[in-house]
Amino acid sequence: MKNILKKIIGMGMSGVIALSTVFVVASIPTTVSAHGERSQEPFLRMRTVQWYDVTWSKATVAVNEQVVVKGKFRIAPDWPASAAKPDVAFLNISTPGPVFVRKKTLINGVSATNSMGLKLGQDYEWEVHLKARHPGRWHIHSMLNVKDAGPIVGPGKYIEVTGDYADFKNEVTTLTGETVDLEHYGIKQAVMWHSLWAVIGVAWLLYWLAKPIFFARYPVAMSEDGDSLITPTDKKVTAGFLVVALGLTFYGYMKAEADYPITLPLQAAMANVDPLPQSEEQVKIKTETATYRVPGRAMKATITITNNTGQAIKLGEFNTATVRFINPNVGIMDETAKGYPDYLLAQEGLTVENDRSIGPGETTTLSFIAQDAAWETERISSLIYDPDSHFGGLLFFYGADGTRYISNIHGSLIPKFI
Amino acid sequence: MLSRLLLLLSFTFMLADAYAHDGAEIEEDVCVMTLGNERVHFSAYQPEIEEGAEYCREIPSVDGKTIIVLDVIEKTLREIGVGLKIYSQENPENILVSVQPRRVSQGVVEAIVNFPESGRYIAEVTGRDNSKARILLHVDFTDWAAIILGILYDLARLLIVGYLLFRLYKYIKGKIIKQNIESKTF
């Protein structure tokens, strides 16, 4: 042991620093989150953006092929007071790095390359066209970035990308009619200019690092003789660097102006999108009580419901924080559920007490239990520890003819531990 | 200055071994057991001791009832069926809870157990296809040997880094003297 230590010391400072680094790095916590959406507070996931009808057009695509992710979201009317309202929001896609490129984004048929303001309680239909770039198995989420509130993530699904990245092309036609491949466009210029500035920067650092080490210069710099550290040669070299830097900047600007005479600045305007036309909510809901039983992974809610639809209806689904609790007595009533991520689909998760049809014009009290391990595995159950223990979500009712009626539900949630 | 740096480093070391169960991703949760390719999340509650506190391998008390909950993550395993058995490690014949494997459509298996005394217990999760996974529970039981070993390990690491930092300090001090600041030969 003593010999080893002697050898380490004999390695000099580089050995000591390297070993210190190894020990410190070994001490850094290694747990890194994979599905970041689960670490987001449940009250945000349940009461801000209610994603529904989300589909992914393909489960497997080749490099250069496109996958379309689309669906709808409702901006919750019970948006939490502690989160900024979606006055400036941007529809995005969450991927593990640039494994896809986004070719088109639409909200209610309007191009959504800009941010926009969204209205509480309103529905929006959206779609995003993604072109596969890197082969692999990637988890793809929809995501709404809300200014000052952060990203609110929708459901995620794995998409398999096959093929070879070398084949990837991202061609676009500019307004001047030129077709360019964005994957490689301007790369040589970027590399050349970055390298040039890097060389200059390194040369500048080396010039000063070649002098006595910082530790020795520091006390002198702090004393009244600090100016004596700068020699006449230093001043000349510095002036040379300044001339080169200014000259290169001017040359670069002039060359860019000559090579690309027509340019557009990055667009920062806000888009205006009207929400989907909405008729008055036909199934009125008032939450009477709601409890969450921690060991049972079960939320029980009692609601007063008024059916103004003109036909008998049944409660088919409770949708919250991207988890879909389905009433097996009604079954899956829409095609979108078939391709929905398995881990977010509780196919027998909704139990309605005295499950029966609610007649047209009827007002009645109804209790339902949404139970599934997803409360725990999706980390929604930690809602009971939130400073704002309110839940939110959507209730899907179905008429005998299959018509779907969507209602908001929200209210206080009381935890039960036994 | 050096002592502050050492203190900071010692905290860094402690963080490396810390693990918060609440909020951890399910993929990295230490309470997840695997049955073949399928996963089951194990948790225990003692509502009469502390409401809302979720435990995994370390259960703090033998008083009152303990609610054991299994969250079956994969749908295939929910269909296959999952059972639960809890017994004393010293005496496996002493079975405290036995839930026969059954289909769990909502993925939740719940059982209540009253631990008779402090000690080590085994929670055994069984699939209907007889695949098994076990975790060791410490109920009101402190494993002093493991704690002392952990402290010794952390101390050893701290001593090594402390020594390296001491060498670094000596080196810098020596270098400054060698540079002969007073002569201003720059």
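Residues numbered from 1 in each chain as written. Chains lettered and ligands numbered in written order. Predicted model: local features only at pLDDT ≥ 70, side-chain atom pairs only at ≥ 80, totals over all residues. Heavy atoms only, no water.

Draft legend 1. Structural view of the overall build of chain A. Helix and strand counts for chain A come out as 7 helices and 21 strands. Relative to the compact-globule value of 22 Å for 418 residues, chain A shows a C-alpha radius of gyration of 30 Å, a clear excess of over 25%. A burial count over chain A gives 43% of its 418 residues as buried. When contacts within chain A are restricted to residue pairs at least 6 apart in sequence, long-range pairs at least 24 apart make up 69% of them. Placing the 39 positive and 41 negative side-chain charges of chain A at their respective mean positions leaves the two points 6 Å apart. (Helix = DSSP H or I, 4+ residues; strand = E, 2+ residues; numbered from the N terminus. Rg over C-alpha atoms; globule rule 2.2 N^0.38 Å. Buried < 20%, exposed > 50% of the residue type's maximum accessible area, 1.4 Å probe, protein only. Contact = heavy atoms within 4.5 Å. Lys, Arg positive; Asp, Glu negative; His and termini not counted. Charge placed at Lys NZ, Arg CZ, Asp CG, Glu CD.)

Draft legend 2. Molecular detail of the overall build of chain B. Across its full length, chain B carries 3 helices and 10 strands. The N-to-C order of helical and strand elements in chain B reads α-β-β-β-β-β-α-β-β-β-β-β-α. Within chain B, buried positions represent 40% of all 186 residues. Considering only contacts in chain B between residues 6 or more positions apart, those separated by 24 or more positions represent 56%. Entry remark: accessible area of chain B is about 10200 Å², with carbon and sulfur atoms responsible for 57%. (Areas by Shrake-Rupley, 256 points an atom, 1.4 Å probe, with all protein chains shown as cover.)

Draft legend 3. The arrangement of the state of the cysteines in detail. Residues and elements named next belong to chain B. Applying the stated criterion to the full structure yields 1 disulfide over all chains. Residue pairing for C31: its cysteine sulfur links by disulfide to C56, the two sulfurs lying 2.3 Å apart. Of this pair, C31 sits in the loop between α1 (2–17) and β1 (32–35) while C56 is found in the loop between β3 (54–55) and β4 (58–59), placing the two residues 25 residues apart along the sequence. Across the pair, exposure class does not vary: C31 and C56 are buried alike. (Disulfide = S-S within 2.5 Å.)

Draft legend 4. Local environment of the sheet that holds strand β9 (residues 150–162) of chain A. All names here are of chain A. The strand order across the open sheet formed by 4 strands is β2-β9-β8-β4, and the pairing between neighbours is mixed. A strand with exactly one partner marks an edge of an open sheet, and here the two such strands are β2 (60–62) and β4 (89–94). When strand polarity is set aside, the average angle formed by the axes of neighbouring strands in this sheet is 35°. With 10 bridges joining them, strand β8 (residues 136–146) and β9 adopt antiparallel strand pairing. (Pairing = 2+ DSSP bridges. Axes fitted to C-alpha atoms, helices over the stretch in contact; angles between N-to-C directions.)

Draft legend 5. How the structure looks around the environment of S39 of chain A. Residues and elements named next belong to chain A. Mapped onto the elements of the fold, S39 is located in the loop between α2 (13–26) and α3 (42–47). By relative accessible area, which is 49% here, S39 ends up partly exposed. Through-space distance from the C-alpha of S39 to that of G392 is 18 Å; in sequence the pair is 353 residues apart.

Draft legend 6. Highlighting helix α5 (residues 214–222) of chain A. Residues and elements named next belong to chain A. Taken residue by residue, α5 has A216, R217 and V220 as its buried positions. Projected down its long axis, α5 shows its buried positions confined to an angular sector of 90°, all on one face. Exposed and facing more than 90 degrees away from the buried side of α5 are F214, Y218 and M222. Of the surrounding secondary structure, the elements contacted by the buried residues of α5 are α4 (187–209). (Arc of directions from axis to C-beta.)

Draft legend 7. Representation of the nonpolar core. Among the nonpolar cores identified, the biggest contains 83 residues, and F73, F100, L144, F318 and F368 of chain A are the most heavily contacted of them. Take this core: its biggest share by element is 5 residues, from strand β7 (residues 123–132) of chain A. With residues up to four places along the chain from it excluded, the contact list for L144 of chain A reads V49, W51, F73, I75, A89, F90, L91, L118, G150, P151 and I152 of chain A. V40, V82, V125 and L137 of chain B belong to the second largest nonpolar core, which has 29 residues in total. (Core = buried A, V, L, I, M, F, W, Y, C linked by side-chain atoms within 4.5 Å.)

Draft legend 8. Structural detail: the confidence of the model for chain B. Residues and elements named next belong to chain B. Here chain B shows a mean pLDDT of 82. Residues at 70 or above account for 79%. Counting interchain partners and residues more than four positions distant, the pLDDT-below-50 stretch residues 1–23 has 33 contacts. Interface confidence for the predicted complex, given as ipTM, is 0.76, next to a pTM of 0.79. (pLDDT = per-residue confidence, 0-100.)

Draft legend 9. Looking closely at the packing of α4 of chain A against helix α6 (residues 232–259) of chain A. Packing of α4 of chain A against α6 of chain A leaves a shortest axis separation of 11 Å and a crossing angle of 170°. As judged from the angle between their axes, α4 of chain A and α6 of chain A are roughly antiparallel. (Parallel < 35°, antiparallel > 145°, perpendicular 65-115°, else oblique.)

Draft legend 10. Highlighting the sheet that holds strand β6 (residues 82–88) of chain B. All names here are of chain B. Taken in spatial order, the 5 strands make up an open sheet running β4-β10-β9-β6-β7, and their pairing is mixed. Both edges of this open sheet fall to β4 and β7 (95–102), since each of them pairs with a single strand only. In the sheet, strand β9 (residues 119–127) pairs with strand β10 (residues 132–139) via 8 bridges, with the strands oriented antiparallel. Following the sheet pairing, I122 is matched in β10 by L136.

Draft legend 11. Region of the structure containing the side chain of Q40 of chain A. Residue and element names in this part refer to chain A. Counting through the fold element by element, Q40 comes out in the loop between α2 and α3. Within the structure, the side chain of Q40 is placed 2.6 Å from the backbone oxygen of P151, a separation counted as a polar contact. Excluding its chain neighbours within four sequence positions, the residues that come into contact with Q40 are R45, P151, I152 and V153. (Polar contact = N/O pair within 3.5 Å; in protein donor to acceptor, adjacent residues only side chain to side chain.)

Draft legend 12. Structural detail: a nonpolar patch on the surface. Together, W144, I147, I148, L149, I151, L152 and L155 of chain B give the surface a local cluster of nonpolar side chains, amounting to about 730 Å² of exposed area. Inspection of the secondary structure puts I147 of chain B in helix α3 (residues 144–178). (Patch = residues over 30% accessible without salt bridge, like charges linked within 9 Å, V, L, I, M, F, W, Y side chains within 5 Å. Salt bridge = Lys/Arg side-chain N within 4 Å of Asp/Glu carboxyl O.)

Draft legend 13. Molecular detail of the packing of aromatic side chains. All names here are of chain A. Counting across every chain of the model gives 15 aromatic pairs over all chains. Here the aromatic rings of Y292 and W375 are separated by 5.1 Å at their centres, their planes lie at 50°, and the arrangement is tilted. With Y292 in strand β12 (residues 283–293) and W375 in helix α7 (residues 374–377), this residue pair connects regions lying 83 residues apart in the sequence. Residue Y292 shares its accessibility class with W375, and that shared class is buried. (Phe/Tyr/Trp six-rings, centres within 6.5 Å; stacked < 30°, edge-to-face > 60°.)

Draft legend 14. Inspection of the pattern of salt bridges at higher detail. Taken as a whole and assessed by the stated rule, the structure comprises 23 salt bridges over all chains. Among the salt bridges present, the one from K72 of chain A reaches D53 of chain A, with a minimum N-O distance of 3.8 Å. Here the residue K72 of chain A occupies a position in strand β3 (residues 66–75), and D53 of chain A occupies one in strand β1 (residues 49–56), the gap between them amounting to 19 residues. What you see here is one network of salt bridges that share partners, running through R297, E376 and R379 of chain A together with D29 and D71 of chain B.

Draft legend 15. Here's a closer look at the confidence of the model for chain A. When the pLDDT values of chain A are averaged, the result is 88; 91% of them are 70 or greater. Predicted confidence for residues 1–34 of chain A stays below pLDDT 50, and this span has 29 contacts to residues more than four positions away or in other chains.

Draft legend 16. The pairing of β9 of chain B, seen in detail. All names here are of chain B. The buried count for β9 comes to 8 of 9 residues, which makes it a mostly enclosed element. Pairing of β6 with β9, which is carried by 7 bridges, proceeds in the antiparallel orientation. Among the inter-strand pairings, S88 is bridged to a residue of β9, identified as Y121. The turn joining β9 and β10, which pair antiparallel and follow one another in sequence, is formed by 4 residues; a positive phi near 70° is taken by N130.

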